[in-house]
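# Remarks on the overall topology
One-letter residues, chain by chain:
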Amino acid sequence: MSSELLVDLGEDPATAQLGQLKLATIEDQQWPADESTLSKSETDISQRLDAGSPHLPWDHPFYDIARHQIIEVAGDDNFGRKVIVFNACRMPPQHQLDHHKLLMYLKGTLDQYVESDYTLIYFHHGLTSENKPSLSWLRDAYREFDRKYKKNIKALYIVHPTMFIKTLLILFKPIISFKFGRKINYVSYLSELEDVVKCEQLIIPARVKEYDNKLRAALKPTAQPPMSPPRSPPLPNQIFGVPLTTLRERSPDGDAVPVVMRDTISFLSEQGLEIEGIFRRSANVTLVKEVQLKYNSGEAVNFSEMEDVHLAAVILKTFLRELPEPLLTYQLYNDIVNFTSVSSESQVTVMKTLVESLPEENYMSLRYLITFLAQVSANSEVNKMTNSNLAVVFGPNLLWGRDNAMSLSAIGPINNFTRTLLDQQHLVFT
């Protein structure tokens, strides 16, 4: 994977320099074309939506944007950062898409995560002369994303870059700061993403996979990039990625709450309650892997011996996200996504019924976690982590769809359920 730095020409004279480029006068047909055309079957994404996946009601102001599934949220990356995915191949022709609303929809997604470290993955393949936005729109879009969006984006990965996208970034050098430029990475093959995120948690469009295979096939055997590494067989004492029932059976004392949750929460209860932005920061990926390996090898882990409090926070989120089935289970997915339709008077009763229907291991672990998060929220004047902020962080780690990725339409209800659970935890778990 290569990273190209964009030259910083300064923020203040950017407007003048941009004017000298006369970007708005470039005709749309002069843009470099991509390698393929967009077929009608590929643009009509709404007809291929999973019938079980939630999407916005037809009368929602963003329905016409959300139905294309251009923007998705795919859990956390290997560094503990939220992953936002943008699929260019799912963009319909220009006349079928309101690009201003697309921008607002993207901002609405990012607004939930910009206070935390996050990663943006852009699948470029499929952007063609039919569906690409105007150059002036891209210029305005970059300006629309002010410092609050750029501060905590830790990396932007452009997958399958073409001469078009590279030329575009050269044109935009005058308005792209040096700091932001350092975060831009070109990714030539999907296998290279494994350094960043587990590719199975990304819903990679079939067209993108096919194009990646085509690129590989065109290479000489000696120049073939490495394939995604096969999944290692589980270790005898494997903890991450193992069902809660199995972990309980292995536990010497039969504790329903996994040792990773007990260790991290115990440590954070002592050391992390007054850390500003706890659960919003990422951690050193090497240390994260080392801690995971220790747990999976049956070794004891002592977070007090490590200097980074955020490491324990990332390990907790990683453990939850790597469960084969989310803590709140697939069975409750539809009930939770539709929880917003429950009247305020009935919410506690309904929520109590839902969580009590969980398997015992899930219920006990959820109660243990939520009780701790209530402690975190009680110190929100210091750590800035209110119930709403915690819900944004933990909602996607407590529940996701069977396909792992979630659209903005699903994230809102899941986060709302998590916030309400935190608000009412003293009643729900009595």
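For the structure, see preceding data.
An account of the accompanying structure is given in this report. Worth saying up front: this structure is predicted, and the values here are computed from it rather than measured.

### Comments concerning the overall build of the chain
Across its full length, the chain holds 20 helices and six strands. Scored against the burial criterion, the 430 residues of the chain give a buried share of 53%. Counted over contacts in the chain with a minimum sequence separation of 6, partners at least 24 positions apart contribute 80%. Of the accessible surface of the chain, which amounts to about 19900 Å², a share of 51% is contributed by carbon and sulfur atoms.

### Describing empty space enclosed by the protein
Taken as a whole, this structure holds two cavities of 30 Å³ or more when the rule is applied. Each pocket or cavity is described by its volume, and for the largest cavity that value is around 770 Å³. L120, L138, A141, F145 and L156 are, among the 30 residues lining the largest cavity, the residues nearest its centre. Elements represented by at least two residues in the lining of the largest cavity include exactly α4 (99-110), β4 (118-123), α5 (135-144), α6 (147-151), β5 (153-159) and α7 (163-171). Tallied by class, the residues present in the lining of the largest cavity amount to 29 nonpolar, no polar and one charged. A volume near 60 Å³ is recorded for the second largest cavity. Around the second largest cavity, the lining residues are D76, G80, R81, K82, Y113, S116, D117, F279, K317, V392 and V393. Considering only residue class, the lining of the second largest cavity consists of four nonpolar, two polar and five charged.

Cut-off values and rules
Residues numbered from 1 in each chain as written. Predicted model: local features only at pLDDT ≥ 70, side-chain atom pairs only at ≥ 80, totals over all residues. Heavy atoms only, no water. Helix = DSSP H or I, 4+ residues; strand = E, 2+ residues; numbered from the N terminus. Buried < 20%, exposed > 50% of the residue type's maximum accessible area, 1.4 Å probe, protein only. Contact = heavy atoms within 4.5 Å. Areas by Shrake-Rupley, 256 points an atom, 1.4 Å probe, with all protein chains shown as cover. 1 Å grid on protein atoms, 1.4 Å probe; cavity = no way out; pocket = protein on both sides within 12 Å on 5 of 7 lines; lining within 4 Å. Points joined across faces, edges and corners; volume = space filled by probe spheres on them. Nonpolar A, V, L, I, M, F, W, Y, C, P; charged D, E, K, R; others polar.

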